[in-house]
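Structure assessment
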Amino acid sequence: MSTVVSLGVMQSLIAQLAAFQAALLLASGLHKWIARGRTRTVLTEFAGVPRRLAPFAAAAVASAEALAGVLLWVPSWRAAGAVLAALLWGGYLSLILHAIARGRRDVDCGCSFGAAQRPLGAYQVLRNAVLTGSALLVAAACEAGAVQPFLPSQVLAGLAFLALYGALDQTMSLTAPRSGELL
Amino acid sequence: MSFLVASQIALWIGLLTLGVVCMALARQIGVLHQRIAPAGALSLRQPLKLGAAAPELVLPGLDGSPVRIGGARGGRSQLLLFLSPGCAVCETLLPALRSAQGAERGWLDIVLASDGEGDRHEAFVREKGLSKFPYVVSEHLGRSYGVAKLPYAVLIDEAGHLSSTGLVNTREHLESLFIAKETGVGSIQQFLGQRGPRPASSGE
């Protein structure tokens, strides 16, 4: 009995996580499409994409994120969506680590919804590592058990997590105090 | 729909609302931070020009060891903070100074400076726990840098040039000297001039 209950709880938590990832990827893909100019600049200056290919690369990245979000929404394609999400976030993580290793901390990585006022650092690395790990977790869970359509409460949970993620994103993009008691 | 499911949905909606409110507040802070000018240290009329070579001096510290002021310092900058044991504002600035010593230790050396009787300064250093800072008592130093009011700070860059100066009453004033060095904007007037005139709203 308790095994069945805990399995159900685990499936519900994974579904909430997947709903959050789907909402985040759809929002991120939409944002990249709306802010195409910034996305092109980021791809050129941060990812090293040649300038003439940047418009196509921007469209491809925005589409890939939106596609991953849609796939996560569909139960039969959720595992594939999670793998695509892990590839995307893992790719961004490697680009961030590469930029930090080369001392290019001040470049805009395009990984926040607003304009970044802080240099690249531990926060971006940790955030992308967590996102990549959570996407792999969803992919593994989808392979292991039956995948159900999202319940209304799970969709709301995903949206609530997205709002909290947005708040964290905004807070961490604020100019950091140089010194002081708070941070 | 059971009561449990309904309450769970209500809780998620509440959390969603809370997240949106937090996001809006953080966004508002960011917008306000971009709109307001930094609290720059007040630059007073002084004999030295920003960018000019700072006077080089070697003076005895309160503990007897020589303290070198100005000159090229092997990639490190130097902050001279002129204060006085009898100055109440100087005392309120000391926590910010300790924070700055930690936060900026990678590139900055801080030197405290004053004038008057040595005994008072020794007692001041003991009472306020300032033994970690080089402390110079020299009227000549203050005159060389044109110090007229306290607490006054002078930031000398790694090449020995005057980077920024000003009357510092708060942590923000002190940090504005570091920001001035990083951005190459010497004063608040120069910063506002670079931003251009603000558009007037109906309330102005």
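Assigned secondary structure in chain A consists of 6 helices and 0 strands. Taken from the N to the C terminus, the helices and strands of chain A come in the order α-α-α-α-α-α. Here chain A holds 183 residues, and the buried ones make up 43% of them. A separation threshold of at least 6 residues defines the contact pool for chain A, and within that pool the share at least 24 residues apart is 77%. Element-wise, carbon and sulfur atoms account for 71% of the exposed surface of chain A, whose accessible area totals about 9,400 Å².

For the rest of this paragraph, the subject is the interface of chain A and chain B. Taken together, the contacts link 20 residues of chain A with 26 residues of chain B. Carbon and sulfur atoms make up 65% of the surface buried where chain A meets chain B, a total of about 2,000 Å² over both sides. At the boundary of chain A with chain B, the tally comes to 0 salt bridges. In terms of residues, the side of chain A that touches chain B owes the most to one element, helix α6 (residues 152-172) of chain A, which gives 12 residues. Grouping the amino acids of the side of chain A that touches chain B by side-chain chemistry returns 9 nonpolar, 9 polar and 2 charged.

Residue and element names in this part refer to chain B. With mixed pairing, the 5 strands of this open sheet are ordered in space as β5-β4-β3-β6-β7. Looking at which strands have only one partner, the edges of the open sheet turn out to be β5 (135-137) and β7 (162-167). Pairwise comparison of adjacent strand axes, ignoring direction, gives a mean angle of 20° for this sheet. Sheet analysis places strand β3 (residues 77-82) next to strand β6 (residues 152-156), joined by 5 bridges and oriented antiparallel. Residue pairing in the sheet places Leu 80 in a bridge with Val 154 of β6.

Below, the discussion takes up the state of the cysteines. Considering all chains together, one arrives at 2 disulfides over all chains under this definition. Covalently, Cys 109 of chain A is tied to Cys 111 of chain A through a disulfide, its sulfur atoms 1.8 Å apart. Taking the sign of the S-S torsion, -65° for the link of Cys 109 of chain A and Cys 111 of chain A, the bridge is left-handed. One disulfide in the model links Cys 87 of chain B with Cys 90 of chain B; its S-S distance is 2.3 Å.

All right, on to unusual backbone geometry then. Cis geometry is adopted by the peptide bond preceding Pro 151 of chain B, which originates at Leu 150 of chain B and carries an omega value of -10°. Mapped onto the elements, Pro 151 of chain B comes out in the loop between α4 (139-144) and β6.

Now for the pattern of salt bridges. Counting across every chain of the model gives 9 salt bridges over all chains. Notably, a salt bridge pairs Asp 108 of chain A with Arg 38 of chain A, separated by 3.0 Å at the nearest N-O pair. Taken together, the residues span a long stretch of sequence, with Asp 108 of chain A in the loop between α4 (78-101) and α5 (122-144) and Arg 38 of chain A in helix α2 (residues 36-45) at a distance of 70 residues. Lys 128 of chain B is the salt-bridge partner of Glu 127 of chain B, the closest N and O atoms lying 3.7 Å from each other. A relative accessible area of 23% means that Lys 128 of chain B is categorised as partly exposed. Look at the salt bridges and you will find they share partners, linking Glu 91, Glu 127 and Lys 128 of chain B into a network.

This part covers the layout of surface pockets. Residues and elements named next belong to chain A. Reported here for the second largest pocket is a volume of approximately 460 Å³. Lining the second largest pocket are 28 residues; nearest its centre among them are Lys 32, Glu 65, Tyr 92, Gly 110 and Cys 111. Among the secondary structure elements, those contributing two or more residues to the lining of the second largest pocket are α1 (2-34), α2, α3 (54-73), α4 and α5. It is α1 that contributes the most residues to the lining of the second largest pocket, 5 residues altogether. Along the lines of polarity and charge, the residues of the lining of the second largest pocket split into 18 nonpolar, 6 polar and 4 charged.

Turning our attention to the pairing of strand β2 (residues 66-69) of chain B. Looking along a regular strand, one sees side chains alternate from face to face of the sheet. All names here are of chain B. The alternating pattern of β2 places Val 67 and Ile 69 on a buried face, while none of Pro 66 and Arg 68, on the opposite face, is buried. Across 4 bridges, strand β1 (residues 57-60) lies against β2 in antiparallel orientation. Counted as the bridge partner of Leu 57 is Ile 69 from β2. Adjacent in sequence and paired antiparallel, β1 and β2 are bridged by 5 residues, among which Gly 64 carries a positive phi angle near 95°.

Moving on, we come to the packing of aromatic side chains. Taken as a whole and assessed by the stated rule, the structure comprises 6 aromatic pairs over all chains. Between Phe 161 of chain A and Trp 12 of chain B, the ring centres sit 5.4 Å apart and the planes meet at 75°, which makes this aromatic pair edge-to-face. With Phe 161 of chain A in helix α6 and Trp 12 of chain B in helix α1 (residues 3-35), this residue pair bridges two chains. Three or more aromatic residues joined by ring pairs make a cluster, and in this case those are Phe 20, Phe 161 and Tyr 165 of chain A together with Trp 12 of chain B.

Turning our attention to the environment of Ala 85 of chain A. Locating Ala 85 of chain A in the fold gives a position in helix α4. Take Ala 85 of chain A: its relative accessible area is 0%, and that puts it in the buried class.

Cut-off values and rules
- Residues numbered from 1 in each chain as written.
- Chains lettered and ligands numbered in written order.
- Predicted model: local features only at pLDDT ≥ 70, side-chain atom pairs only at ≥ 80, totals over all residues.
- Heavy atoms only, no water.
- Helix = DSSP H or I, 4+ residues; strand = E, 2+ residues; numbered from the N terminus.
- Buried < 20%, exposed > 50% of the residue type's maximum accessible area, 1.4 Å probe, protein only.
- Contact = heavy atoms within 4.5 Å.
- Areas by Shrake-Rupley, 256 points an atom, 1.4 Å probe, with all protein chains shown as cover.
- Buried area = accessible area lost by both parts, 1.4 Å probe.
- Salt bridge = Lys/Arg side-chain N within 4 Å of Asp/Glu carboxyl O.
- Nonpolar A, V, L, I, M, F, W, Y, C, P; charged D, E, K, R; others polar.
- Pairing = 2+ DSSP bridges.
- Axes fitted to C-alpha atoms, helices over the stretch in contact; angles between N-to-C directions.
- Disulfide = S-S within 2.5 Å.
- 1 Å grid on protein atoms, 1.4 Å probe; cavity = no way out; pocket = protein on both sides within 12 Å on 5 of 7 lines; lining within 4 Å.
- Points joined across faces, edges and corners; volume = space filled by probe spheres on them.
- Phe/Tyr/Trp six-rings, centres within 6.5 Å; stacked < 30°, edge-to-face > 60°.

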